[in-house]
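# Report on the structure
This is what each chain is made of:
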Amino acid sequence: MKSLINKLTQTPGPPGYEGQIRQIVLAEIKDYADEIRVDNLGNLIARKGSKSDKGKRIMLAAHMDEIGVIATHIDEDGFIRFTNIGGVFPRYAPGGRVRFLDGTPGVIGTEKIESSYKVPPLSKMYIDVGASSQKDCHINVGDVAVFERPLTEMGDRMVSKAMDDRISVAILIEALKKLKQTPHEIYFVFSVQEEVGVRGATTAAFGVDPEIGLAIDVTRTGDTPKGITMEVSLGSGPAIKVKDSGMISDPRVVDWMVKTAQKAKIPYQLEVLERGGTDARAIQLTRSGVPAGCLSIPCRYVHSPSEMVDFTDVENALNLLLALLKDPIVLL
Ligand code: CO
Ligand code: ZN
């Protein structure tokens, strides 16, 4: 699974440009799904199982896209001005490297900084691709890039760009491969454009029309020096979302997840995230409403090029997901 995580995190896929990452996911799952389709926005939707009397139609969603940048202007000297696609924090950008979809690497520089405590906005930054003039720069306005940073292991901890949300893409792929018997009709959705406002999951949820929905995504932690106050820490198990700023999880779904984790003796944490949202919001609000929740992977430094997860949380999340899907579900 670790080599799969490496491949998934290192493949570029900014919002709206998920073609490369979708091909990789497709190659992984094609022999394990009963039916696969790609909808008009680019969501990859794989069905496993058919609905039995006791089964439900379930939608699982992990997003394929990652935060990125887009060129807005190329100046006479060949420097590229850019803006964000998704939640790029200016403080993580200077000195970082990006790679455009055609493979062109770039370095992010800043205009002269007045105070070293003040982070300039992205509009005061530029990308240097080594060009010496506009003519020499073969990047065009509208070209997109992602941050570049290889995966590193530190014991159980794994660090890379795009752990959000490729770590969950890896978990969904493994779940699809490992799930043998289920009474349910399960749609494994590898969604697009989550980082710009859960756009892919919106159309996918409408198309799938699920009876229960779960997103799998990363969440923040409260376990770093003078960090945010939050009861989630790395290595203490996957988190069961109770609330974030986009959704209040259905209490019946939370209860089902908690009881399943307890029964299977899988460690878990309860998550209340004050800022942030996931594909679960789009699922919950589709059509006339769907009971929805979210299985979260604790992650430090979210939306930085060095997002850190703990592999034991990843394994426990996979085990919890498999436990949730194998038996009939009664939401009380
Ligand atoms: Co994100
Ligand atoms: Zn995410």
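This text gives an overview of the structure that appears in the document.

Taking strand neighbours across the sheet as the criterion, the three strands line up as β10-β11-β17 in an open arrangement whose pairing is antiparallel. Every interior strand has two partners, whereas the edge strands, β10 (152-154) and β17 (307-310), have only one. Strand-to-strand twist across the sheet, computed as the mean angle between neighbouring axes with direction ignored, equals 25 degrees. By the bridge criterion, four bridges tie strand β11 (residues 157-160) to β17 in an arrangement that is antiparallel. Following the sheet pairing, arginine 157 is matched in β17 by aspartate 310. With respect to the sheet, helix α3 (residues 163-178) is in contact with β11 and β17, its orientation differing from that of β17 by roughly 30 degrees.

A word on the coordination of the cobalt ion (ligand 1). Within the protein, Asp164 (OD), Glu195 (OE), Glu195 (OE) and His303 (NE2) serve as the donor atoms for the cobalt ion (ligand 1), at 1.8 to 2.6 Å. Considering all four donor atoms around the cobalt ion (ligand 1), angles at the metal cover 54 to 145 degrees and the coordination shape is irregular. Counting gaps between the donor residues of the cobalt ion (ligand 1) yields the pattern D-x30-E-x107-H. Separation of the cobalt ion (ligand 1) from the zinc ion (ligand 2) amounts to 3.2 Å, with aspartate 164 serving as a shared donor to the pair. Taken together, the residues aspartate 164 in helix α3 and glutamate 195 in the loop between β12 (185-191) and α4 (199-208) connect sequence positions 31 residues apart. Like glutamate 195, aspartate 164 is buried.

Our focus in this paragraph is the sheet that holds strand β1 (residues 35-38). Taken in spatial order, the eight strands make up an open sheet running β1-β2-β12-β3-β13-β16-β14-β15, and their pairing is mixed. Only two strands of the sheet have a single neighbouring strand rather than two, namely β1 and β15 (269-272). Averaged over all pairs of adjacent strands, the angle between strand axes in this sheet comes to 25 degrees, irrespective of strand direction. Bridge analysis of strand β2 (residues 44-48) against β12 gives five bridges, and the strand direction is antiparallel. Among the inter-strand pairings, lysine 48 is bridged to a residue of β12, identified as isoleucine 186. Contacting β13 (212-219), β14 (239-243), β15 and β16 (292-298), helix α5 (residues 251-263) crosses the sheet at an angle of about 160 degrees to β14.

Rules and cut-offs
Residues numbered from 1 in each chain as written. Chains lettered and ligands numbered in written order. Predicted model: local features only at pLDDT ≥ 70, side-chain atom pairs only at ≥ 80, totals over all residues. Heavy atoms only, no water. Pairing = 2+ DSSP bridges. Helix = DSSP H or I, 4+ residues; strand = E, 2+ residues; numbered from the N terminus. Axes fitted to C-alpha atoms, helices over the stretch in contact; angles between N-to-C directions. Contact = heavy atoms within 4.5 Å. Donors = N, O, S within 2.8 Å, 3.2 Å for Na, K, Ca; no water. Tetrahedral: all angles 85-135°; square planar, octahedral: opposite > 155°, others 65-115°. Buried < 20%, exposed > 50% of the residue type's maximum accessible area, 1.4 Å probe, protein only.

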